[in-house]
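Inside the fold
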Amino acid sequence: MKLCPGNGKTLPADGSGVFSGKILAGRGNEKGASMGEGINDYTKNIVDLRRHMWMAGVEVELRRLIWQIAVVGKYISAKIHESNRKLAGFKNIYGEEQLALDRVTDDILKNKLHHSGFVSHYASEELEDIVAIGNGQEKYIVTADPLDGSSLVDTNLAIGTIIGIHQKSIFDCGRNSMVAALYITYGPLITMIYSAGKGAHEFVLDREGEYVLSEEKIQLKEKGSIFSPGGLRKDWTDEHLKFIEKLEQDGYKLRYSGGFVPDINQVLIKRGGLFTYPALKKSPQGKLRLLFELQPMAFIMEQAGGKATDGKQDILSVKVTSVNQRSPIYIGSATEVTMAEQFLSN
């Protein structure tokens, strides 16, 4: 696997445009209104997603793009609730059966981004290759797993949407190309965690349809107490098996749902732990996709003080050479990820 030259991370510049009170509050203020004018008492006591990004100095086009993707999450949530749980009769490019929801959510997201004015190209787990959706002058490239864990829909478990936002090219390492990442969890609550390189922040979709700040600048503990191991035990390598046995001996609690989004969300919200889907004996590159799943989650996890590695190098230092590239993953608290690297190096 190729190493990516350099480790300079591209971060969005501070926003310099005027962000109107109408956009900030979403409550019908006149353009150019001050932060407090026309905002009701309820709104004065909350921080919504748009206001949070404005206060954090996220570049204006980037925050508008993130907001548009967050809105798509509302449509996807509605589609999940009206799902009839039946298969679409198609397979995705990896030979996996697609639920009707997979195809619908991918279309919804792609169409929204096509009309956003901010995205030149789009790459999705449901498509064979990266596709042009803009006129070529737009600043951003978006990668997506539109509905991660869709096979869990009929069991009524949490599923999610994973998004990576890049500049210039996706065929680089994430540390050079990524400017933001987010994921939306569709569970008992609809939540979103995003990062634009200024920490990882959680928002909850409230009854008024607004994403409201729940936790700002989430920080993991150095050491957690839960682990989520993917893959069948009989297919694990000896090194990985010894690592898992060490976690079990140390009293770590097994917490695995079969969904990448809810398991990563658990590590972040519980402030520590580990998710892993390792290299397998017959699949040395593991199962999960570097572009659509691992890079965005690694970006967020690092912003929360955690780590993500393929066992040898940081996920964000792995250079992308193909859209469907896969990688092993160990992601979570620094102690557990470092421990994994030590076992695998032996």
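Presented here is an overview of the structure given in this document.

Definitions and cut-offs
Residues numbered from 1 in each chain as written. Predicted model: local features only at pLDDT ≥ 70, side-chain atom pairs only at ≥ 80, totals over all residues. Heavy atoms only, no water. Pairing = 2+ DSSP bridges. Helix = DSSP H or I, 4+ residues; strand = E, 2+ residues; numbered from the N terminus. Expected span 1.5 Å × (residues − 1). Buried < 20%, exposed > 50% of the residue type's maximum accessible area, 1.4 Å probe, protein only. Contact = heavy atoms within 4.5 Å. Core = buried A, V, L, I, M, F, W, Y, C linked by side-chain atoms within 4.5 Å. Phe/Tyr/Trp six-rings, centres within 6.5 Å; stacked < 30°, edge-to-face > 60°. Axes fitted to C-alpha atoms, helices over the stretch in contact; angles between N-to-C directions. Salt bridge = Lys/Arg side-chain N within 4 Å of Asp/Glu carboxyl O. Polar contact = N/O pair within 3.5 Å; in protein donor to acceptor, adjacent residues only side chain to side chain. Parallel < 35°, antiparallel > 145°, perpendicular 65-115°, else oblique. Nonpolar A, V, L, I, M, F, W, Y, C, P; charged D, E, K, R; others polar.

This part is about the sheet that holds strand β11 (residues 226-229). What the 5 strands build is an open sheet, ordered β12-β11-β13-β15-β14; its pairing is mixed. Edge positions in the sheet fall to β12 (253-254) and β14 (307-309), since each has one partner strand and no second. The pairing of β11 with strand β13 (residues 274-277) spans 3 bridges and is classified as parallel. Along β13, the bridge assignment pairs F227 with L274.

Okay, helix α10 (residues 334-345) next. In this model α10 runs 16 Å from its N-terminal to its C-terminal C-alpha over 12 residues, within 8% of the 16 Å that 1.5 Å per residue would give. Buried within α10 are the following residues: A334, E336, V337, M339, A340 and E341. Elements in contact with the buried residues of α10: α7 (238-249), β13, β14 and β15 (329-332).

What follows covers the nonpolar core. In terms of nonpolar packing, the biggest core is built from 49 residues, with L268 and I329 touching the most fellow members. Contributing elements (two or more residues each) for this core: β7 (178-186), α7, α8 (260-269), β13, α9 (290-303), β15 and α10. In terms of residue count, α9 provides more of this core than any other element does, 9 residues in total. Once residues lying within four places of it in the same chain are set aside, the contact partners of I329 are F275, T276, Y277, L288, L294, A308, T309 and I315.

Taking burial as the measure, the 9 residues of strand β6 (residues 159-167) include 8 buried ones, the bulk of the element. In this sheet, β6 lies alongside strand β5 (residues 140-148) in antiparallel orientation, the contact comprising 7 bridges. Within β6, the residue paired with T143 across the bridge is G164. For β6 and β7, the ladder comprises 8 bridges, and the chain directions are antiparallel. When the sheet's bridge partners are listed, H166 is paired in β7 with M178.

The subject of this paragraph is the packing of aromatic side chains. For the coordinates displayed, the defined rule picks out 6 aromatic pairs. Centroid distance F260 to F275: 5.0 Å. Interplanar angle 55°. Geometry classified as tilted. Placement of F260 in helix α8 and of F275 in strand β13 is noted, with a sequence separation of 15 residues between them. Across this residue pair, the class does not change: F260 and F275 are buried.

Moving on: the sheet that holds β7. Picture the strands of a sheet paired through backbone hydrogen bonds; they go either parallel or antiparallel. Taken together, the 8 strands give an open sheet; going across it, the order is β4-β3-β5-β6-β7-β8-β9-β10, and neighbouring strands pair in mixed fashion. In the strand order of this sheet, the two ends are held by β4 (131-132) and β10 (211-215), each with one partner. One ladder, built from 6 bridges, connects β7 with strand β8 (residues 190-195); its direction is antiparallel. The partner of A181 across the bridge, within β8, is S195. The strands that α8 touches are β5, β6, β7, β8, β9 (201-205) and β10; relative to β7, the one it contacts most, it runs at about 105°.

So, on to the pattern of salt bridges. Applying the stated criterion across every chain yields a total of 10 salt bridges. As a salt-bridge pair, R175 and D314 come within 3.5 Å of each other at their nearest N and O atoms. Highlighted residues: R175 in helix α6 (residues 174-177) and D314 in the loop between β14 and β15, separated in sequence by 139 residues. Taking relative accessible area as the criterion, R175 reaches 11% and is therefore assigned buried. Notably, a salt bridge pairs E248 with R233, separated by 3.3 Å at the nearest N-O pair. Placement of the pair is E248 in helix α7 and R233 in the loop between β11 and α7, with a sequence separation of 15 residues.

Here we take up helix α3 (residues 49-56). Where α3 is concerned, the buried positions are L49, R50, R51, H52 and M53. Sitting at the head of α3, D48 places a side-chain oxygen 3.2 Å from the backbone nitrogen of R50. Just beyond α3, the residue with positive phi is G57, at close to 75°.

In this section: the environment of S177. Looking at the secondary structure, you find S177 in helix α6. For S177 and I165, which are 12 residues apart along the polypeptide, the C-alpha to C-alpha distance reads 8.3 Å. A distance of 2.8 Å separates a polar atom in the side chain of S177 from a polar atom in the side chain of H166.

With that out of the way, let us pick up the packing of α8 against α9. Close contact between α8 and α9 brings their axes to 12 Å; oriented N to C, the two are set at 10°. Looking at the two axes, α8 sits roughly parallel to α9. Across the interface between the two elements, F260, V261, I264, V267 and L268 of α8 pack against E293, L294, M297, I300 and M301 of α9. Of the residues contributing to the contact of α8 with α9, the split by class is 9 nonpolar, no polar and 1 charged.

Attention now goes to the side chain of Q303. Its location among the elements puts Q303 in helix α9. Of the polar contacts made by the side chain of Q303, one reaches the backbone nitrogen of G199; its length is 2.8 Å.

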